[in-house]
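Fold and geometry: a report
Take a look at the letters that make up each chain.
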Amino acid sequence: MGKRILISETPQYVGEVVKLSGWVSLRRDHGKLIFFEFCDRSEKVQLVILPDKPEVISIAKDIRSEYVIDVIGLVKERPRKNESGHIVADNLEIEVMELSIISRPVGELPIDVSQSELHLNLETLLNNRTFVLRNKKIRAIFSLYSLLLETYAKACRTRGFLEIKTPKILSAATEGGANFFKIKYFDREAYLAQSPQFYKQAAMSAFERVFEIGTVFRAEPHFTTRHVNEYTGLDAEMGFINSVDDVMMELEGIIMEIVREIDARGKNELEFYGASIPKEIAIPKIRLSEAVEILKKEYNKETDGEDIDSEGEKMIGEYVLKTYGSDFVFLTHYPAAIRPFYSMPSKDNPEYTETFDLLFRGIEIASGGQRIHEYEMLIDSIRRKGLDPEQFKDYLDIFKYGAPPHGGWGLGSERIIQKLLGLGSIKEAVLFPRDVKRLTP
Ligand code: ATP
Ligand code: MG
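Residues numbered from 1 in each chain as written. Chains lettered and ligands numbered in written order. Predicted model: local features only at pLDDT ≥ 70, side-chain atom pairs only at ≥ 80, totals over all residues. Heavy atoms only, no water.

1. What to know about the overall build of the chain
Along its length, the chain carries 12 helices and 16 strands. Counting only C-alpha atoms and orienting by the principal axes, one finds that the chain spans roughly 85 × 55 × 40 Å. Taking all 441 residues of the chain together, the buried fraction comes to 49%. For the chain, the proportion of contacts with a sequence separation of at least 24, taken over those separated by at least 6, is 65%. (Helix = DSSP H or I, 4+ residues; strand = E, 2+ residues; numbered from the N terminus. Buried < 20%, exposed > 50% of the residue type's maximum accessible area, 1.4 Å probe, protein only. Contact = heavy atoms within 4.5 Å.)

2. Points about the site of ligand 1
By nearness alone, 14 residues border ligand 1, and His227, Val228, Glu364, Ile365 and Ser367 come closest of all. Contact distances for ligand 1 include 3.0 Å between an oxygen atom and a side-chain N or O atom of Tyr231. One nitrogen or oxygen atom from the side chain of Arg415 is found 2.9 Å from an oxygen atom belonging to ligand 1. Protein contacts shield 81% of the accessible area of ligand 1, which totals 580 Å² for the unbound molecule. When contributions to the shell around ligand 1 are tallied by element, the ones reaching two or more residues are strand 15 (363-371) and strand 16 (406-412). Looking at the shell around ligand 1 residue by residue, the class counts come to 5 nonpolar, 4 polar and 5 charged. (Near = heavy atom within 4 Å. Polar contact = N/O pair within 3.5 Å; in protein donor to acceptor, adjacent residues only side chain to side chain. Areas by Shrake-Rupley, 256 points an atom, 1.4 Å probe, with all protein chains shown as cover. Nonpolar A, V, L, I, M, F, W, Y, C, P; charged D, E, K, R; others polar.)

3. Some words on the sheet that holds strand 2 (residues 33-39)
With mixed pairing, 5 strands are arranged side by side around a closed barrel as 1-2-3-5-4. Shown here is a sheet whose adjacent strand axes are inclined to one another by a mean of 55°, direction ignored. Bridge count for strand 3 (residues 44-49) against strand 5 (residues 92-103) is 3 bridges, and the pairing is parallel. Residue Val48 lies in a different strand from strand 5, and its bridge partner there is Glu95. (Pairing = 2+ DSSP bridges. Axes fitted to C-alpha atoms, helices over the stretch in contact; angles between N-to-C directions.)

4. Some points on the coordination of the magnesium ion (ligand 2)
Within the first shell, the magnesium ion (ligand 2) binds the protein through Glu364 (OE) and Ser367 (OG), at distances of 2.1 to 2.2 Å. Of the residues examined, Glu364 reaches a relative accessible area of 24% and is grouped as partly exposed. With relative accessibility at 24%, the residue Ser367 sits in the partly exposed group. (Donors = N, O, S within 2.8 Å, 3.2 Å for Na, K, Ca; no water.)

5. A few points about the nonpolar core
Counting 56 residues, the largest nonpolar core has Tyr152, Trp409 and Leu411 as the members making the most contacts within it. Top element by residues in this core is helix 4 (residues 136-158). It accounts for 12 residues. Beyond its immediate sequence surroundings of up to four residues, Leu411 is in contact with Tyr152, Thr232, Gly233, Leu234, Leu251, Ile255, Ile365, Ala366 and Ile416. Counting residues in each nonpolar core, the second largest holds 22 residues, with Val18, Ile34, Ile94 and Val96 among its members. (Core = buried A, V, L, I, M, F, W, Y, C linked by side-chain atoms within 4.5 Å.)

6. A short note on the domain arrangement of the chain
Accessible area lost during the coming together of the parts is what is often quoted as the interface size. With domains assigned, the chain is organised as domain 1 (7-103) and domain 2 (132-429). Inter-centroid distance (C-alpha atoms) of domain 1 to domain 2 is 47 Å. (Domains from an automatic or database assignment.)

7. A look at the sheet that holds strand 14 (residues 355-360)
Neighbouring strands of a sheet are bound in pairs by backbone hydrogen bonds; such pairs are parallel or else antiparallel. The mixed open sheet is built from 8 strands, whose spatial order is 6-10-11-16-15-14-13-12. In this open sheet, the two strands that pair with only one neighbour each are strand 6 (162-163) and strand 12 (285-287). Pairing between strand 11 (residues 230-239) and strand 16: 7 bridges, direction antiparallel. The residue of strand 16 that forms the bridge with Met238 is Gly407. Taken strand by strand, helix 5 (residues 197-207) contacts strand 6, strand 10 (209-217), strand 11, strand 15 and strand 16, and its axis lies near 30° from that of strand 11. Sitting on the sheet, helix 8 (residues 288-299) is in contact with strand 12 and strand 13 (328-332), with an inclination near 85° to strand 12.

8. Re the pairing of strand 16
Within strand 16, 6 of the 7 residues are buried, which leaves the element mostly enclosed by the surrounding structure. Bridging between strand 15 and strand 16 involves 6 bridges; their strand directions are antiparallel. Paired with Gly368 across the two strands is Trp409, which belongs to strand 16.

9. A word on the packing of helix 4 against helix 6 (residues 244-265)
Closest axis-to-axis distance for the helix 4/helix 6 pair is 9 Å, and the angle between their directions is 135°. Put simply, helix 4 runs oblique to helix 6. Handedness of the helix 4/helix 6 crossing: right-handed. Judged by residue contacts, Leu144, Leu147, Leu148, Glu150, Thr151, Tyr152, Lys154, Ala155, Cys156 and Thr158 of helix 4 engage Ile254, Glu257, Ile258, Glu261, Ile262 and Arg265 from helix 6. When grouped by side-chain class, the residues that make up the contact of helix 4 with helix 6 number 9 nonpolar, 2 polar and 5 charged. (Parallel < 35°, antiparallel > 145°, perpendicular 65-115°, else oblique. Left-handed = near helix turned anticlockwise from the far one by under 90°.)

10. Quick notes on helix 5
Listing the buried residues of helix 5 in full gives Gln197, Phe198, Lys200, Gln201, Ala203 and Met204. Considering only its buried residues, helix 5 is in contact with strand 10, strand 11, strand 15, helix 11 (393-397) and strand 16. Where helix 5 ends, the next residue or the one after it, Glu208, has phi of about 70°, a positive value.

11. Quick notes on the packing of helix 4 against helix 12 (residues 413-421)
Two elements in contact, helix 4 and helix 12, have axes separated by 10 Å at closest approach and are oriented at 130°. The angle between helix 4 and helix 12 places the two elements in the oblique class. Pair helix 4 / helix 12 crosses with right-handed handedness. The segment helix 4 lies against helix 12, with Ile141, Leu144, Tyr145 and Leu148 engaging Ser413, Glu414, Ile416, Ile417, Leu420 and Leu421. Residue composition of the contact of helix 4 with helix 12, by class: 8 nonpolar, 1 polar and 1 charged.

Structural data, given as structure tokens:
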């Protein structure tokens, strides 16, 4: 028998004999007939085994859910008529002529993944991760995720950004933070990168516009629904900007391109979750200090100085939705005290910075801003944070030999999918998540 075709291709082969490979998701016996619900990566279809095929029946009698099988069969229209007149695989069945078992499950199946709703708690879902990924609704998350990565890269490229990969093993814990994982590197210590910040700026100084889809490690002992200890960052850095507004404009353009693409190609996936696509509205910009006022006035919420916690972000998300109809909002002008040393201070008031966070449905999905590109100014800024410029020699070298005004962002990929589908935890949007307690599977 010839080449395997996909179940989704069977409508083109009505009346013909084809070869299919996949998993049995369900077995049903009706008198002398055996039915299998059968799926591959594309679709599912019904297999029927007729009583006049003793050889096939003798193989089929052992087959249960999750057996991997090869099938040779005749593609037939099901007796039930399809009103729309449009033939889809769902209205077809395969009359089995030959059958072979490729792989059989060992022991009991842990979960019935053929149901569309699994009703599992997060722990069970993650403990049985590999198997649970067979479920259609769970797979939809990762189809959308793949579409997100594809569209982010495409949108960056069409805007003239070059794709780069930066090292994830570092000699020093840059940015001075405590959230680095320390690792053994031959006979010395090294650290896992908690941001591509310095390297993307270095690449920017040669290529002007760069982007990276890369792993980010954060040694934060968080137990929240929006943190994991290893995630995938969608980063970018761009040179020759006039102001931070150029950075926000580019990010907004990319976000809206992602939204449009998901609207065009991800409808089935969204439907599993009853999720709606964000409206394409110009993203409102609110100064952080204004947001603090809004929280006081509208929600009676006191903030810790001029910073907003996750509850505050949620409220601001609600506020912009009801006021502007937007699922997104840029919060701008963060105080220098709570931003990294490389943040460009505002000209009119250096207590503030030309930085922003982007919130989506009430959670931060990106941080970005204009960076300091002048050597001396950067040294001053490092000192003002109580850090030692000597420690930043390689980084400072980027700015020694002429760097343009520039800025960029770090965008969290998993949080986008989490909020898009309304998932309870970010971990559901990570294939094999790592958290404080979990290193397996
Ligand atoms: P948060 O305040 O929510 O902890 P952050 O400000 O520490 O986030 P950034 O350093 O600004 O995070 O990282 C850029 C983006 O990366 C964030 O806006 C978010 O989308 C994503 N991100 C950051 N930390 C995590 C994490 N631990 N797990 C998943 N995504 C993350
Ligand atoms: Mg941030």
